[in-house]
Amino acid sequence: EKYGSYYGLQKKLADLGVYDELILREYTKEEIKLASSFIDPEKDKLFTYIGLRTLVDRYLAKGYNGEIYELPQERFLTIALTLMSKEDKSKRMELVKEAYWALSNQYMTVATPTYANAGKSYGQLSSCFIDTVDDSLIGIYESNTDVARLSKGAGGIGVYLGKIRSRGSDIKGFKGISSGVIPWMRQLNNTAVSVDQLGTRQGSIAVYLDVWHKDIFAFLDAKLNNGDERTKAHDLFYGVCIPDLFMEQVEKRGDWYLFDPHEVKKVMGWKDENGNPLGLEDFYDEERGSGSFREKYEECVNHPELSKERVPAIEIMKRIMKSQLETGTPYMFYRDEANRMNPNKHAGMIYCSNLCTEIAQNQSSTIVTKEYTQDGEIIIHKKPGDFVVCNLSSIHLGRAVPDGVLERLIPIQVRMLDNVIDLNEDRIEVLQAVLTNKKYRAIGLGAFSWHHLLALNGIMWDSEESVEFADKLFEKIAYLTIKASMELAKEKGAYPLFEGSDWHTGKYFEIRGYKSHDDLDWDTLKQEVMKHGLRNGYLMSPAPNGSTSVLANGTAACDPVFNRLYFEEKKNYKIPVTVPDLNPKTTWFYTNAYQVNQIMSIKQNAARQRHVDQSLSFNIYVRNNIKAKDLLNIHLTAWKLGLKSTYYVRSTALTIEECESCAS
């Protein structure tokens, strides 16, 4: 049988407790044997040596002493059977076969948690999570507990700290008491280090703060190596939430004001329709150059009773860039653009992004409303907030596009992603995340091996042709993804918050200027979405793909390659690796990441961003001797061209640890 008995493998690993019994319980013995006939050992030859080595080290099922039980095609089949286990039995085996086709041909990859944990008795299947911390003692500690529980299951975490009062704020009216965000960041830092992921690596946590928060300077210094260690949190990753108005003030060398979010709520007295207090962070500019945020900001600046600090905006930007060149962070999150383009703005607000900056979904704090004892038990009531969950998967552009399989691939890929949501219900320990997952049914379809695809097509990175190619390709991917989710909605129903969304009103298509043309019938698709709904409230978010691109012999994400030849180094090996399909024709199109024009990279990404409803992991590559004005110009260009976020600033002097949670 070449691969041996697949049914026997299921029985053996279930008896050992390595597999859960989902497949044995949901499928008959005959169905499992039929599934085993799908296995094609020849597909193993698609792997490179380093791809196989990575698969063995990180993903194949092992016994408790590290002995390897699974072979590569068995991992793919187990993922396919797991993700299709709840489908209608009349067509389920055909869907399993289709999912196995997509995985075994390496036309796509699933996210690292799904890749590693599908079919196993431990771990969950989603990649990343985002929490919004309430400005209360119990809210802060509850958030830390939730982060720890998700971190142990291999989830990467983004944490929005912008609602927490600043250093020197009052507590219960006693002035100057609050110690600000830094001590809570240090607690999260300890959680990241101490709650590791089954011994494989420490937790990964990104913290975000608004650029108008009074603690912004301490926040920007907290990852640097100089200064008081009691104010440091070296093991966290950092992001800054930036409104348009700040970038305008940077450009014109104007002043910027810093506020305490607690005092803003107390003094300004803003309320939502339910009478809940609002802060400056709860507004955004609905249009470029005008809107609610700048109006509220000016009110704060001009209010005589509100304390504030005035600083030149460029001084904050200098500190941001200094930290980026020293540590690679902070990430930049352009909050106004993210909220303007949010298809679910009718249901909430986006405050920050995630650990890898590709997620942009509605967020809100979970609040403990009541605690009491009853019949000898302690009862706790919580009002759940929107605790963001991202479920990721990526198209291998270097394989799927040349083989012309996008029309066949994307529908099965979207179905697989949608099924992760329901399968993960019992695996995610944080219940507000489970509720949010079901409410929005958010997925994040992405893509990798972009530079590989350019090389195959003989397109230079630094060319307008690359921008046009990105625009056309990602428009097609967007069209097929929206259509696949609409077809699923016909079959299984729309996500609960569809009504009133930009999808429902058709505004999503209008603000992006989608019109039918020879290749894509946007007008018909718009009408079908408005009529039948979408299965998923968020659809696309290209992620970093560091480890899974190695698995599938592609280039990472939509990034340029570092070198045509490099060495993959771990503790016990050093393996030479070449970029995919390296030959006399393609070699001239693989330009080093530090040699490509960063402005052209931004233009490519802006072309993609138009078609992506969330955001994208987008790295900036610079030499360590770059002039400040040149790095500033890169950031200003990214903001002006409508990017929602940028990821690391990778300088030639930096070594940056990749986040694996979002690798998909």
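Our subject is the structure listed above.
Our subject in this report is the structure included herewith.

## Regarding the overall build of the protein chain
Step number 1: From N to C terminus, the protein chain includes 26 helices and 18 strands.
Step number 2: In terms of principal-axis extent, the alpha carbons of the protein chain reach across some 80 × 70 × 55 Å.
Step number 3: The proportion of buried residues among the 664 residues of the protein chain is 61%.
Step number 4: Sequence separation of 24 or more characterises 77% of the internal contacts of the protein chain that already satisfy a separation of 6 or more.
Step number 5: For the protein chain, the accessible area works out to roughly 25,700 Å², and carbon and sulfur atoms hold 50% of it.
Step number 6: For the protein chain, the separation between the mean place of its 82 positive charges and that of its 90 negative charges on side chains is 2 Å.

## Digging into the packing of aromatic side chains
Step number 1: The final tally for this structure, using the stated rule, is 29 aromatic pairs.
Step number 2: Seen in terms of ring centroids, W503 and Y508 are 3.9 Å apart; in terms of plane orientation they differ by 25°. Their pairing is stacked. We note that W503, like Y508, is buried.
Step number 3: Here F562 and Y621 contribute two aromatic rings whose centre-to-centre distance is 5.6 Å and whose plane-to-plane angle is 80°, an arrangement assigned as edge-to-face. With F562 in the loop between α24 (546-551) and β14 (565-570) and Y621 in strand β16 (residues 620-622), the pair connects residues that are 59 residues apart, well separated along the chain.
Step number 4: Y621 gets classed as buried once you look at its relative accessible area, which sits at 4%.
Step number 5: Here the aromatic cluster, defined as three or more aromatic residues joined through ring pairs, consists of W212, F246, W256, F259, F293 and Y297.
Step number 6: Its guanidinium or amino end placed over the ring of W450, R608 lies 5.1 Å from that ring's centre, counting from NZ or CZ.

## Re the sheet that holds strand β11 (residues 388-390)
Step number 1: In spatial order, the strands read β11-β2-β3-β4-β5-β8-β17; together these seven strands make up an open sheet with mixed pairing. Single-partner strands in this sheet number two, and they are β11 and β17 (645-646).
Step number 2: Lying on the sheet, helix α9 (residues 182-194) is in contact with β3 (156-160), β4 (205-210) and β5 (237-242); it crosses β4 at an angle near 165°.

## Comments concerning the pairing of strand β2 (residues 128-132)
Step number 1: Buried residues dominate β2, accounting for five of its five residues.
Step number 2: Because side chains alternate across β2, one face comprises the buried residues C128, I130 and T132, and the other comprises F129 and D131, equally buried.
Step number 3: Sheet analysis places β2 next to β11, joined by three bridges and oriented antiparallel. From the neighbouring strand, I130 faces β11, where its bridge partner is V388.

## With respect to helix α3 (residues 29-36)
Step number 1: If you check which residues of α3 are buried, you get E31, I32 and A35. Looking straight down α3, one finds that the buried residues subtend no more than 100° of arc, so they occupy a single side.
Step number 2: Looking at the buried residues of α3, the elements they touch are α1 (6-16), α2 (22-26), α5 (72-83) and α6 (92-104).

## Focus on the pattern of salt bridges
Step number 1: On inspection of all chains with the given rule, the structure shows 44 salt bridges.
Step number 2: The shortest N-O distance in the salt bridge between E337 and R288 comes to 3.9 Å. Pair noted here: E337 is in helix α15 (residues 335-340) and R288 is in the loop between α12 (261-268) and α13 (292-302), with a separation of 49 residues, a long-range link.
Step number 3: R288 sits in the partly exposed class, given a relative accessible area of 37%.
Step number 4: D630 is paired through a salt bridge with K629; the nearest N and O atoms lie 3.5 Å apart.

## Quick look at the packing of helix α25 (residues 598-609) against helix α26 (residues 628-640)
Step number 1: In the contact formed by α25 and α26, the axes pass within 10 Å of each other and the chain directions differ by 15°. Classified by the angle between their axes, α25 and α26 sit roughly parallel to one another. The interaxial crossing formed by α25 with α26 has right-handed handedness. Only N633, I634, T637 and A638 of α26 make contact with α25, whose side of the interface consists of Q598, I599 and I602.
Step number 2: A class-by-class count of the residues in the contact of α25 with α26 yields four nonpolar, three polar and no charged.

## Brief notes about the nonpolar core
Step number 1: Among the nonpolar cores identified, the biggest contains 95 residues, and I395, W450, I482 and W503 are the most heavily contacted of them.
Step number 2: Broken down by element, this core gets its largest block of residues, 13 residues, from helix α20 (residues 464-492).
Step number 3: In terms of nonpolar packing, the next biggest core, distinct from the first, is built from 77 residues, V211, I216, L280 and V311 among them.

## What about α5?
Step number 1: An ideal rise of 1.5 Å per residue puts 16 Å on twelve residues; α5 measures up with 17 Å between its terminal C-alpha atoms.
Step number 2: Here α5 lies mainly inside the structure; twelve of its twelve residues are buried.
Step number 3: Considered for burial, the residues of α5 that qualify are P72, Q73, E74, R75, F76, L77, T78, I79, A80, L81, T82 and L83.

About the criteria used
Residues numbered from 1 in each chain as written. Predicted model: local features only at pLDDT ≥ 70, side-chain atom pairs only at ≥ 80, totals over all residues. Heavy atoms only, no water. Helix = DSSP H or I, 4+ residues; strand = E, 2+ residues; numbered from the N terminus. Buried < 20%, exposed > 50% of the residue type's maximum accessible area, 1.4 Å probe, protein only. Contact = heavy atoms within 4.5 Å. Areas by Shrake-Rupley, 256 points an atom, 1.4 Å probe, with all protein chains shown as cover. Lys, Arg positive; Asp, Glu negative; His and termini not counted. Charge placed at Lys NZ, Arg CZ, Asp CG, Glu CD. Phe/Tyr/Trp six-rings, centres within 6.5 Å; stacked < 30°, edge-to-face > 60°. Lys NZ or Arg CZ within 6 Å of the ring centre and 35° of its normal. Pairing = 2+ DSSP bridges. Axes fitted to C-alpha atoms, helices over the stretch in contact; angles between N-to-C directions. Arc of directions from axis to C-beta. Salt bridge = Lys/Arg side-chain N within 4 Å of Asp/Glu carboxyl O. Parallel < 35°, antiparallel > 145°, perpendicular 65-115°, else oblique. Left-handed = near helix turned anticlockwise from the far one by under 90°. Nonpolar A, V, L, I, M, F, W, Y, C, P; charged D, E, K, R; others polar. Core = buried A, V, L, I, M, F, W, Y, C linked by side-chain atoms within 4.5 Å. Expected span 1.5 Å × (residues − 1).

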